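# What the coordinates show
Given next are the chains, with one letter for each unit.
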Amino acid sequence: MAAAWQDVVRDAAAVREAAAVAVDAALLAGVLMRTGEQPNASDVVNYAPFTLLPSAVPRALFEQAYAVQQDFNLLVDAVSQNKEFLEQTLASTIKVDDFTARLFRIYMQVLEEGLAQTVFLGINRSDYMFDCGLDGTAALRQIEINTIAASFGGLTSRTADVHRLVLNVLGKSEEASRLLPNNPAKGLALGIAKAWELYGSQRAVVMFLVEEIQRNIFDQRCVENELWNRNIRVVRKRFRDVFEQGSLDASRRLYVDGQEVAVVYYREGYVPQIYDEQNWEARLLLERSRAVKCPDIATQLAGTKKVQQELSRPGTLEKLLPGHPEAIARIRATFAGLYSLDEGEEGDRIAATAIADPDRFVLKPQREGGGNNLYGEELREVLEKIKDSPERTSYILMDKIKPQPALNYLLRAHSPLQVSECISELGIFGVYVRQGRELVLNQPAGHLLRTKATEHADGGVAAGVAVLDTPYLL
Ligand code: ADP
Ligand code: MG
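Throughout this description, residue numbers start from 1 for each chain and increase along the sequence as written. In the order they appear in the text, chains get letters beginning with A and ligands get numbers beginning with 1. Given that the model is predicted, a residue must reach a pLDDT of at least 70 before its local features are reported, and side-chain atom pairs must reach 80 or more before they are shown or counted; all residues, however, enter totals for whole chains, interfaces and linings. Side-chain metrics rest on all non-hydrogen atoms present in the structure, leaving aside hydrogens and water.

As annotated in an unreviewed UniProt entry, the chain carries the name Glutathione synthetase and comes from Prunella himalayana. Under the Subunit (unreviewed entry) heading, UniProt states for the chain: "Homodimer." UniProt positions are given in the numbering used here, feature names are shortened, and annotations may be inferred rather than shown by experiment. Word for word, the UniProt comment on the chain under Pathway (unreviewed entry) is "Sulfur metabolism; glutathione biosynthesis; glutathione from L-cysteine and L-glutamate: step 2/2."

Turning next to the sheet that holds strand 14 (residues 361–365). The strand order 13-15-14 describes an open sheet built from three strands, whose pairing is antiparallel. Two strands close off the open sheet at either side, each with one partner strand: strand 13 (338–340) and strand 14. On average, each strand axis in the sheet is inclined to that of its neighbour by 30°, with strand direction left out of account. Two elements, strand 14 and strand 15 (residues 395–399), share five bridges in a ladder whose sense is antiparallel. Note that in strand 15 the partner of Phe 361 across the bridge is Asp 399. Contacts were defined at the residue level, with two residues in contact if any of their heavy atoms lie within 4.5 Å. Helix axes are fitted to C-alpha atoms over the stretch in contact, other axes to C-alpha atoms as well, and angles between N-to-C directions run from 0 to 180 degrees. Numbered from the N terminus, helices here are DSSP runs of H or I no shorter than four residues, and strands are runs of E no shorter than two. Across the sheet, helix 17 (residues 345–356) lies against strand 13, strand 14 and strand 15, angled at about 125° from strand 13, the strand it touches most. Against the sheet, helix 18 (residues 376–386) contacts strand 14 and strand 15, and its axis sits at roughly 60° relative to strand 14. Any two strands are treated as partners once DSSP identifies two or more bridges connecting them.

Our focus in this paragraph is the domain arrangement of the chain. Domain boundaries shown here were taken from an automatic or database domain assignment. Split into domains, the chain comes out as domain 1 (6–336 + 409–473) and domain 2 (337–400). Computed over C-alpha atoms, the centres of domain 1 and domain 2 are 26 Å apart. The interface is formed by 28 residues belonging to domain 1 together with 23 residues belonging to domain 2. Buried area: the accessible area, evaluated with a 1.4 Å probe, that two parts lose upon being put together, summed over both parts. Approximately 2100 Å² of surface area, both sides summed, lies buried where domain 1 meets domain 2, with 53% of it carried by carbon and sulfur atoms. Counting the surface domain 1 buries against domain 2, the share from its top three residues, Lys 305, Ala 336 and Asp 458, is 28%. Should a side-chain nitrogen of Lys or Arg be within 4 Å of a carboxyl oxygen of Asp or Glu, the pair is scored as a salt bridge. At the junction of domain 1 and domain 2, the tally comes to four salt bridges. With its nearest N and O atoms 3.3 Å apart, the salt bridge here joins Arg 313 to Glu 346. Contributions of two or more residues to the side of domain 1 that touches domain 2 are made by helix 5 (83–96), helix 6 (98–113), strand 6 (138–146) and helix 14 (305–311). Among the elements that make up the side of domain 1 that touches domain 2, the one with the highest residue count is helix 14 (five residues).

Moving on, we come to the site of ligand 1. Around ligand 1, a shell composed of 21 residues is seen, among which Lys 305, Lys 364, Gly 370, Glu 425 and Lys 452 lie nearest. Any pair of N or O atoms that falls within 3.5 Å is considered a polar contact. Within protein, one atom must be able to donate a hydrogen and the other to accept it, and sequence-neighbouring residues count only if both atoms are side-chain atoms. One of the side-chain nitrogen or oxygen atoms of Glu 368 is found 2.9 Å away from an oxygen atom of ligand 1. Here an oxygen atom of ligand 1 and a side-chain polar atom of Tyr 375 are 2.9 Å apart. All accessibility values rest on the Shrake-Rupley procedure with a 1.4 Å probe; residue burial counts only the protein chains present in the view. Burial of ligand 1 by the protein chains amounts to 95% of its free accessible area of 540 Å². Broken down by secondary-structure element, the contributors of at least two residues to the shell around ligand 1 are strand 6, strand 14 and strand 15. Three categories are distinguished: nonpolar for Ala, Val, Leu, Ile, Met, Phe, Trp, Tyr, Cys and Pro, charged for Asp, Glu, Lys and Arg, and polar for the others, with Gly belonging to the last. Residues that form the shell around ligand 1 fall into these classes: seven nonpolar, four polar and 10 charged. Mapped onto the domain boundaries, the shell around ligand 1 takes at least three residues apiece from domain 1 (6–336 + 409–473) and domain 2 (337–400). By convention in these notes, a residue is near a molecule or strand provided one of its non-hydrogen atoms lies within 4 Å of it.

Attention now goes to the nonpolar core. Ranked by size, the top nonpolar core spans 67 residues in total, and within it Leu 52, Leu 121, Ile 192, Leu 227, Val 263, Leu 411 and Leu 468 carry the most contacts. Among all residues touching Leu 227, those that are not within four sequence positions of it are Ala 189, Ile 192, Ala 193, Val 206, Phe 208, Ile 232 and Val 234. Here, nonpolar core means buried Ala, Val, Leu, Ile, Met, Phe, Trp, Tyr and Cys residues that are tied together by side-chain atoms lying within 4.5 Å of each other. When accessible area is computed with a 1.4 Å probe and restricted to protein chains, residues below 20% of their type maximum are described as buried, those above 50% as exposed, and intermediate ones as partly exposed. If you look at the next biggest cluster of nonpolar residues, it comprises 62 residues, including Phe 130, Tyr 270, Ala 298 and Ile 428.

Following this line, the structure appears as structure tokens:
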């Protein structure tokens with residue numbers, strides 16, 4: 001991709017001046033995070049890391065990503081309602097992956113009891129990179145779809161203003177005026193509000209299920225405050241609070257600390273480490289309840305890497321979305337090569353190929369949150385070790401996407417100002433609400449651009465690798 005800011009990126013004085021303005025603008029706009037030292041207090045806070053300059057994104061690919069978002073919403077929702085597909089797809093994984101197995105057990109348990117929940121809310125974020133072909137053209141390739149706790153919709157609602165100011169300071173007011181408005185916080189709140197309304201109890205609250213360590217609280221507050229402004233009450237609770245204060249009444253209405261809960265919005269619950277037996281018990285209580293879970297456990301399972309890989313198998317989308325050939329074509333056009341490592345000839349063959357040429361692939365376990373994937377030599381070593389054991393099936397293989405890097409500055413508190421070679425990942429938020437069998441809301445809800453230095457293969461903003469960015473469409 002052509003570098004958009006070639007003339008200023010090496011101008012040290014201009015960059016220094018713009019960076020100082022940028023940091024203060026981020027603080028003023030509320031692009032904030034709590035500090036590592038005081039993750040649960042707001043007395044001292046810092047700016048969330050972000051790029052000095054917006055990054056170039058090909059307009060056609062940006063539009064393609066928006067155009068396919070409703071299709072992905074539809075697909076995730078369809079997968080979450082397809083017991084047979086989830087069972088078959090995850091059968092090999094749950095034999096070796098304890099975390100997925102435990103989630104799956106809860107899923108089966110709530111189905112056996114019969115769902116009390118009748119309104120369903122999905123908030124997802126489909127992430128993409130721009131794969132650079134041999135002829136230099138870029139293609140949109142989905143990295144993954146996040147169906148639980150997809151974050152940074154709040155903070156990124158404020159980054160375009162910061163970048164607009166930076167471009168003005170750099171004498172690029174014409175370009176500044178072309179940055180798109182973007183407000184995922186509002187879009188996500190709209191979905192939550194719709195689900196709350198359909199749940200149908202004025203007294204009931206929206207519960208944000210939050211982590212023990214809450215550095216990223218401001219991102220969540222952006223969505224919370226949108227709800228308060230609609231006169232919807234919000235409470236923040238941890239799994240531990242639900243264990244201690246949660247109960248169901250005879251019709252499985254959920255009460256936490258005496259308050260009825262209409263919507264549970266998970267910003268926690270996707271990594272195994274946080275679950276002790278009490279938290280698993282709390283999770284089961286939530287899933288059994290009538291409250292709208294965002295996501296319900298089926299939708300969390302629909303977001304696993306194993307499901308993503310099976311979706312790419314010829315014929316699968318046709319089975320899941322009958323009567324939607326155009327949606328299927330749009331979805332499939334974003335898929336990178338994905339490969340099963342299940343036991344058998346197909347898995348043996350691709351494992352051997354990846355061992356011989358590891359730089360072509362990424363090895364992914366069933367984990368979320370960044371920093372779990374394996375690349376290059378490490379991929380080769382691990383695959384070599386597990387290639388003949390059932391453990392292999394807890395992973396999938398994916399083609400490695402190779403975007404064209406561009407120069408930028410990653411602004412991070414207490415870090416020196418230095419130019420980095422960077423690549424970006426575009427996320428599109430989607431929300432949908434289903435009542436019974438009827439989809440009553442299905443729309444894209446804004447975007448997130450995250451950028452990282454090419455020296456890091458993996459990792460998101462929360463993992464301390466990527467930073468917030470704004471797309472500049474070319
Ligand atoms: P997680 O659930 O941990 O976020 P991802 O699949 O999104 O897992 O991978 C984490 C990061 O690893 C991505 O943000 C991206 O930077 C990098 N990554 C993942 N898949 C690929 C790929 N196929 N090609 C290149 N980089 C990838
Ligand atoms: Mg990711």
